[in-house]
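So you can see what is in the structure, the chains are spelled out below.
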Amino acid sequence: LPQDISFGDQDITMLLPRQKDLWRRCSSVHRERTQIVFYVHIGWSLLEAAMRNLFVLANGCPNRQLTAEHDEFYTTFNEMLSFELNDGKPNKLIPILGDSCLQLFYDVLILPSGPRLRDRLSHGELDISSWIENTQDTAANSALRVTVFLLSCIHKKTKAFTEERNSPEDFVYKSLFHQNSQLIQQIEILVKSTQSLMDELNKLEQLDIDTGSIQEQMSEITLSISELDIKIFNRPRHESEVVRMLTLICEAMTSSVQNAHQTFNVKTLQLQEKKLRSRQRQTYDRMLQVLPIFLNCATQSGHFLVQKMSACMLDQLGQQQIGEQKSLKKLLTSCENLKSQAHVSLNKWDLVLQHTETILQIVSTLKT
């Protein structure tokens, strides 16, 4: 988020006079870092009130300004952030908020893997004891900062709307907690883990690894990720299942690389300390033979995952790709087996090679 937050102290639009006073206190608390818990709670109540007012104004539905009336539905954040109203009409608040503001709201409030700050605060699910005891608590200060920042956004957008002018996007935010974004984050972890293992293996003179080719492929993966435009709204229903499967595959492959790295370090140390018996040394030599192929497998898998994610974002998942679920399940099974066999407790490198070859074959088939 931007470092400088404009609080709009002089003209806080769409809040009642008593609410404006609380708003100014939230702004002060943000600067002074005192009474954080209280003002995070107050801030979200103010934000919900201001957001509801803008929702009602944008959609011309003054009856929805009522809050907890027994004979009316309560207008919640979920409804205010939906793309359609209950009657099927488009929610006119959405274009007013803009993409970055909307993605931030979804991250903070709605997405299951996100903090869901409003829900957890109101239902007492957060352990806020450290917030009370330590005003420098990172989570507490982050919660307050996000709260104040969103209040500032709604204030600016309400003011622009009432003055019948566009509110320019003054910040860029991309979702961190949507499953599409999290798959990309997981691929980046896979690339870093593979790079780390390759750097470790390069220290061994007896290993002949085509580091140039692998490094080039990893650079291509990183570049492709940076060029991806990750979309999270109005996505096709079948995309969710494909991305979920790709994420599981990526997590399993990342764990495989990390397990192989740990096994390599443990066994190399044991070899240096002369703790490996004759048969164990043979297993160690076999590991060194398999690891270059294993590295190539991890890199090819990363390349495949980015390719599939790019197809999702470009809406290129045709019927053939949708029907590839069976192959993806086989790929996931092989990656999970690879993870187990590469672990130091099993150390079965013939089986690692077998699963590696299976993965390369499936990936090659799915890429075509």
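Structure: see above.
To start, this report covers the structure provided alongside it. The residue numbers shown here count from 1 along each chain, following its written sequence. Whole-chain, interface and lining totals are the exception, using all residues; otherwise, since this is a predicted model, local features are given only for residues with pLDDT of at least 70 and side-chain atom pairs are given and counted only at 80 or more. Side-chain numbers come from the whole structure's heavy atoms, not from hydrogens or water.

## Notes on the packing of helix α9 (residues 179-201) against helix α12 (residues 278-313)
The packing of two helices is summarised by the inter-axis angle and the distance between the axes. To obtain an axis, a line is fitted to C-alpha atoms, over the contacting stretch when the element is a helix, and the angle between two such axes runs from 0 to 180 degrees between their N-to-C directions. Helix and strand assignments follow DSSP, with helices taken as H or I runs no shorter than four residues and strands as E runs no shorter than two, numbered in order from the N terminus. As a packed pair, α9 and α12 sit with axes 10 Å apart at the nearest point and diverge in direction by 160°. By the angle between their directions, the pair α9 and α12 is classed as roughly antiparallel. The two elements α9 and α12 meet at a crossing, and its hand is left-handed. In contact with N180, L183, I184, I187, L190, T194, L197, M198 and L201 of α9, α12 contributes L291, F294, L295, A298, T299, G302, L305, V306, M309 and M313. Residue composition of the contact of α9 with α12, by class: 15 nonpolar, four polar and no charged. Any angle that falls under 35 degrees is termed roughly parallel, while one over 145 is termed roughly antiparallel, one within 65 to 115 roughly perpendicular, and all others oblique. Crossings are classed by handedness, with left-handed meaning an anticlockwise turn of the near helix from the far one by less than a right angle and right-handed meaning a clockwise turn. Throughout, a residue-residue contact means that at least one pair of heavy atoms, one from each residue, lies within 4.5 Å. In this classification, Asp, Glu, Lys and Arg are treated as charged, Ala, Val, Leu, Ile, Met, Phe, Trp, Tyr, Cys and Pro as nonpolar, and every other residue, Gly included, as polar.

## Things to note about the nonpolar core
Counting 104 residues, the largest nonpolar core has W44, M51, F105, I187, M253, L291 and L331 as the members making the most contacts within it. Looking at which element gives the most residues to this core, the answer is α12, with 15 residues. Residues grouped as a nonpolar core are buried Ala, Val, Leu, Ile, Met, Phe, Trp, Tyr and Cys residues, joined through side-chain atoms within 4.5 Å. Burial classes: relative accessible area under 20% of the type maximum marks a residue as buried, over 50% as exposed, and values in between as partly exposed (1.4 Å probe, protein chains only).

## Here's the deal with the pattern of salt bridges
Note on definitions: salt bridges are taken to be side-chain nitrogens of Lys or Arg within 4 Å of carboxyl oxygens of Asp or Glu. This structure, assessed with the given rule, holds twelve salt bridges. Ionic pairing is found between K174 and D229, a salt bridge with its closest N-O pair at 3.9 Å. Here D229 lies in the loop between α10 (211-227) and α11 (237-272) and K174 lies in the loop between α8 (138-162) and α9, a separation of 55 residues in the sequence. Classification of D229 as partly exposed rests on a relative accessible area of 43%. Among the ionic pairs, E239 bridges to R235, the shortest N-O distance being 2.9 Å. Pair check on accessibility: E239 and R235 agree, each one buried.

## Remarks on the side chain of R235
Within the fold, R235 resides in the loop between α10 and α11. We define a polar contact as two N or O atoms separated by no more than 3.5 Å, with the added condition that, inside protein, one atom must be a possible hydrogen donor and the other a possible acceptor, whereas residues neighbouring each other in sequence contribute only through side-chain atom pairs. Within the structure, the side chain of R235 is placed 3.0 Å from the backbone oxygen of C312, a separation counted as a polar contact.

## With respect to the state of the cysteines
Note on disulfides: each one is a pair of cysteine sulfur atoms within 2.5 Å. Counted by the stated rule, this structure contains zero disulfides. Just so you know, C335 is unpaired, no disulfide at all, and the nearest cysteine sulfur is the one on C297, 6.7 Å from it. Here C335 falls in the buried class, since its relative accessible area comes to 1%.

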